[in-house]
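What follows is each chain in one-letter form.
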Amino acid sequence: MILEATNLTKTYKSGKAVDAISLKLKIGQIYGVLGRNGAGKTTLFKILCNLVTADHGSLKIHSTKLKPIGAIIENPGLYTYLNAYENLKVFAEIQNAPRDKTRLEQYLKTVGLPLDRKDAVRHFSMGMKQRLAIAIALLNDPEIVILDEPFSGLDPMGVSDLIRLIKSLAAKNKSVLISSHMLAELQNCCDYLYVIDRGKLVNQGETTRLFNHSISRYKIKGNGVEQVKNKLFKIIFAEKNSIDIECKATEISKILENLIQQGYQITACIPQVTLNELLSQQPNDV
Ligand SMILES: Nc1ncnc2c1ncn2[C@@H]1O[C@H](COP(=O)(O)OP(=O)(O)OP(=O)(O)O)[C@@H](O)[C@H]1O
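Residues numbered from 1 in each chain as written. Predicted model: local features only at pLDDT ≥ 70, side-chain atom pairs only at ≥ 80, totals over all residues.

### Things to note about the sheet that holds strand β4 (residues 56-61)
Short version of the rule: We treat two strands as partners when DSSP finds at least two bridges between them. Helix and strand assignments follow DSSP, with helices taken as H or I runs no shorter than four residues and strands as E runs no shorter than two, numbered in order from the N terminus. A fitted line through C-alpha atoms represents every axis, and for helices the fit uses only the stretch in contact; the resulting angles, taken between N-to-C directions, go from 0 to 180 degrees.
With antiparallel pairing, 3 strands are arranged side by side in an open sheet as β2-β1-β4. The open sheet has two free edges, formed respectively by β2 (15-25) and β4, since each of these has just one partner strand. Recorded for the sheet is a direction-independent mean angle of 20° between the axes of neighbouring strands. By the bridge criterion, 5 bridges tie strand β1 (residues 3-12) to β4 in an arrangement that is antiparallel. Directly across from E4, in β4, lies its bridge partner K60.

Following this line, the structure appears as structure tokens:
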């Protein structure tokens, strides 16, 4: 375990932003904190980064490094009139991090920014700015990387590129903690999820298990599948070549087999889980 937070609590005049939240991070794993706007994600991350002091609770980081955490909290404040390399250099100076050219260029390579891109950051796409911010978070070679809402403002290509980068960081033995209100993105990249609502931890567990536990609806696509007559499952919505059905995760393979036996060519089966379902579940592993 690289980080152990126990019962972290922070109260503002408006109420408890973080209410007795505990979490544990292991090296090489990707963790997601899922919650609606205002759930307390940023406040929690600020406590972990020592930018806000918790009223109660304890935080233990098992590291010998002086700066074991690299983080992007809220919008990364880049110098938009400087290029990527110059930004890294300035931040390395501010953070008193090693700043030799080879090392800084290596960080740009790690996050997939081209070394020959010499123009000012204001010309960069959102995805490229996000990559540069991650390079800045990596400057002290931290063991833990914390990214607050890294997917916001990215197009689908940008999201999948970023997920690839996050996975590559975990493969390099970093522990990565990401917040988002975007279910699919966290599902695609996190090993473990913490679901929070109004400051409280309401659900947690390994991502696959958490989702399987929460799935009760599937969208099934296939030629003419809307014409199926069955008693095995309840159709809640049907349109040309697509049906939404209600069933348990344990029943879906049998249902698909049955549809195939009836001669339907199934082209997709997409689990439908909403944030509300994850929020309303009983805690899994708490
Ligand atoms: N400095 C502060 N002073 C007073 N209240 C605050 C402060 N920071 C956060 N809050 C309140 O704490 C609650 C949690 O806010 P927080 O920003 O942590 O949530 P969030 O999940 O990150 O939301 P978002 O995704 O909208 O940023 C909100 O009700 C917010 O208004």
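### Things to note about the UniProt feature "domain: ABC transporter" (unreviewed entry) in the protein chain
Put simply, the rule reads: UniProt positions are given in the numbering used here, feature names are shortened, and annotations may be inferred rather than shown by experiment.
If you check UniProt for "domain: ABC transporter" (unreviewed entry), the listed places come out as residues 3-223 in our numbering. Secondary structure across residues 3-223 comprises 33% helix and 30% strand; the distance between its end C-alpha atoms is 50 Å.

### So, the pairing of strand β8 (residues 192-197)
The criterion, for reference: Put simply, a residue is buried when 20 or more other C-beta atoms lie within 10 Å of its own C-beta and exposed when 12 or fewer do; between those, it is partly exposed, and each C-beta is set from the backbone.
The buried count for β8 comes to 6 of 6 residues, which makes it a mostly enclosed element. Burial along β8 is two-sided: Y192, Y194 and I196 facing one way and L193, V195 and D197 facing the other are all buried. Two elements, strand β3 (residues 30-34) and β8, share 4 bridges in a ladder whose sense is parallel. Directly across from L34, in β8, lies its bridge partner V195. Of the strand pairs in this sheet, β8 and strand β9 (residues 200-206) are connected by 6 bridges, and their pairing is antiparallel. Residue pairing in the sheet places I196 in a bridge with L201 of β9. Turn length for the β8-β9 hairpin, with the two strands adjacent in sequence and antiparallel, is 2 residues, and the turn residue R198 shows positive phi of about 45°.

### Notes on the site of the ligand
We count it as follows: Think of it this way: take the backbone, place a C-beta atom on it, and check whether that atom is within 6 Å of the molecule or strand, in which case the residue is near it. Gly is placed with the polar residues, together with every amino acid not listed as nonpolar (Ala, Val, Leu, Ile, Met, Phe, Trp, Tyr, Cys and Pro) or charged (Asp, Glu, Lys and Arg).
Around the ligand sit Y12, S14, A17, G35, N37, G38, A39, G40, K41, T42 and T43, and that is every residue in its neighbourhood. Of the residues belonging to the shell around the ligand, the class tally is 3 nonpolar, 7 polar and 1 charged.

### Remarks on the environment of A97
Counted only if it meets this: Remark: residues whose backbone-derived C-beta atoms lie within 7 Å of one another are considered to be in contact.
Relative to the helices and strands, A97 resides in the loop between α2 (84-94) and α3 (101-110). Along the sequence, A97 and I69 sit 28 residues apart, while their C-alpha atoms lie 13 Å from each other. Those residues in contact with A97, other than ones at most four positions away along the chain, are A92, L139 and N140.

### Let's talk about unusual backbone geometry
The phi dihedral of N96 falls on the positive side, at around 55°, and the residue is not glycine. Relative to the helices and strands, N96 resides in the loop between α2 and α3. On the basis of neighbour counts, which here come to 11 C-beta atoms within 10 Å, the residue N96 falls in the exposed class. For D141, which is not a glycine, the phi torsion comes out positive at approximately 50°. Within the fold, D141 resides in the loop between α4 (126-137) and β6 (144-148).

### Observations regarding the sheet that holds strand β5 (residues 69-72)
The strand order β5-β6-β7-β3-β8-β9 describes an open sheet built from 6 strands, whose pairing is mixed. Each of the sheet's edge strands pairs with one partner strand only, and the pair in question is β5 and β9. Sheet twist, expressed as the mean angle between neighbouring strand axes with direction ignored, is 15°. Sheet topology note: the β5/β6 ladder contains 4 bridges and is parallel. Across the sheet, I69 pairs through a bridge with I144, a residue of β6.

### Let's talk about the packing of α2 against α3
Definition in use: By definition in this entry, angles of less than 35 degrees are roughly parallel, angles greater than 145 are roughly antiparallel, angles of 65 to 115 are roughly perpendicular, and the rest are oblique. Take the far helix as your reference; a near helix turned counterclockwise from it by less than a right angle gives a left-handed crossing, and one turned clockwise gives a right-handed crossing.
Interhelical geometry of α2 versus α3 gives an angle of 120° and a closest axis separation of 10 Å. Classified by the angle between their axes, α2 and α3 sit oblique to one another. Of the two possible hands of crossing, α2 and α3 adopt the one that is right-handed. Listed contacts from α3 to A84, Y85, L88, K89 and A92 of α2 are L104, Y107 and L108. Here the contact of α2 with α3 is built from residues that sort into 7 nonpolar, no polar and 1 charged.

### Details of the nonpolar core
Let me state the cut-off plainly: Here, a nonpolar core denotes buried Ala, Val, Leu, Ile, Met, Phe, Trp, Tyr and Cys residues that are linked to one another through C-beta atoms within 7 Å.
Counting residues in each nonpolar core, the largest one holds 59 residues, and the members touching the most others are A135 and I146. Per element, the largest residue contribution to this core is 6 residues, and it comes from α4. Sequence-distant contacts of I146, that is, excluding residues within four places in its chain, are made with F45, L48, C49, I69, A71 and L177. Counting 8 residues, the second-largest nonpolar core is a separate cluster that includes Y218, I220, V225 and F233.

### Structural notes on the domain arrangement of the protein chain
Interfaces are often sized by the amount of accessible area the parts lose when they come together. The condition is simple: These domain limits were set by an automatic method or by a database of domain assignments.
On domain assignment, one finds that the protein chain holds domain 1 (3-212) and domain 2 (216-280). Each side of the interface is counted separately: domain 1 has 11 residues, and domain 2 has 6 residues. Going through the elements one at a time, β8, β9 and α7 (207-214) are the ones with two or more residues in the side of domain 1 that touches domain 2. Per-element accounting of the side of domain 1 that touches domain 2 gives the leading share, 3 residues, to α7. Classifying every residue of the side of domain 1 that touches domain 2 gives 6 nonpolar, 3 polar and 2 charged.

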